[in-house]
Amino acid sequence: MEKILAALAQYGATLGLQGQIKRGDKTLGVCVAIKGKRIRFESSTSGNLLASGPIAESTVEKFVESFWMWTKP
């Protein structure tokens, strides 16, 4: 989880108690889960898989930049 938190922090985001991505005062509709040796980004409402990849900061960066068009400050 340290790699996930470090990557999210670059964008001013963090994880909530249930694994939801939070940015500012908004809780976004995506949860992060670790299954085996992979990160899974899932819809917090439907549970559908949105993306997955190896446990690395680059995986988180690619997801948030493509899904929300976030950029690093």
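Above this text is the structure in question.
Note that residues are indexed from 1 along each chain, following the sequence as it is written. For this predicted model, a pLDDT threshold of at least 70 governs which residues receive local features, and a threshold of 80 or more governs which side-chain atom pairs are given and counted, while totals over whole chains, interfaces and linings are taken from all residues. The side-chain quantities take in all heavy atoms of the structure and omit both hydrogens and water.

(A) Looking closely at the environment of G53. Structurally, the position occupied by G53 is in strand β5 (residues 49–54). Categorising residues by exposure relies on relative accessible area from a 1.4 Å probe, with only protein chains included: less than 20% of the type maximum marks a residue as buried, more than 50% marks it as exposed, and the intermediate range marks it as partly exposed. On the basis of relative accessibility, which here comes to 3%, the residue G53 falls in the buried class. Sequence-wise, G53 and E42 are 11 residues apart; in three dimensions their C-alpha atoms are separated by 12 Å. Contacts are assigned to residue pairs with any non-hydrogen atoms lying within 4.5 Å of each other. Look past the residues within four positions of G53 in its chain and what remains in contact with it is K37, R38, I39 and T59. Numbering of helices and strands runs from the N terminus, with a helix taken as a DSSP run of H or I at least four residues long and a strand as a DSSP run of E at least two residues long.

(B) Structural view of the nonpolar core. Definition of nonpolar core: a set of buried residues of the types Ala, Val, Leu, Ile, Met, Phe, Trp, Tyr and Cys, connected through side-chain atoms within 4.5 Å. In terms of nonpolar packing, the biggest core is built from 16 residues, with L8, I21, F41 and V60 touching the most fellow members. Secondary-structure elements contributing two or more residues to this core are α1 (2–9), β1 (13–15), β3 (26–35), β4 (38–43) and α2 (57–67). Beyond its immediate stretch of four places on either side in the chain, L8 contacts A13, T14, L15, I21, V60 and V64.

(C) Here's a closer look at unusual backbone geometry. The backbone of M69 shows a phi angle near 60°, a positive value even though the residue is not glycine. Considering the arrangement of structural elements, one finds M69 in the segment after α2. Judged by relative accessible area, which is 62%, M69 ranks as exposed.

(D) Focus on the pairing of β3. Any two strands are treated as partners once DSSP identifies two or more bridges connecting them. Sheet analysis places strand β2 (residues 20–23) next to β3, joined by 3 bridges and oriented antiparallel. Within β3, the residue paired with R23 across the bridge is K26. Taken together, the 6 bridges between β3 and β4 define a ladder with antiparallel strand orientation. Residue pairing across strands places C31 opposite E42, the latter belonging to β4. The turn joining β3 and β4, which pair antiparallel and follow one another in sequence, is formed by 2 residues; a positive phi near 65° is taken by G36.

(E) Local environment of a nonpolar patch on the surface. In this scheme, patches are assembled from residues that exceed 30% relative accessible area and form no salt bridge. Like charges are connected within 9 Å, while nonpolar side chains (Val, Leu, Ile, Met, Phe, Trp, Tyr) are connected within 5 Å. Under the convention used here, a 1.4 Å probe and the Shrake-Rupley method define accessible areas, while residue burial counts only the protein chains that appear. For this analysis, a salt bridge means a side-chain nitrogen from Lys or Arg found within 4 Å of a carboxyl oxygen belonging to Asp or Glu. Together, M1, L5, I34 and I55 give the surface a local cluster of nonpolar side chains, amounting to about 320 Å² of exposed area. Here I55 is to be found in the loop between β5 and α2. Here I55 falls in the partly exposed class, since its relative accessible area comes to 30%.

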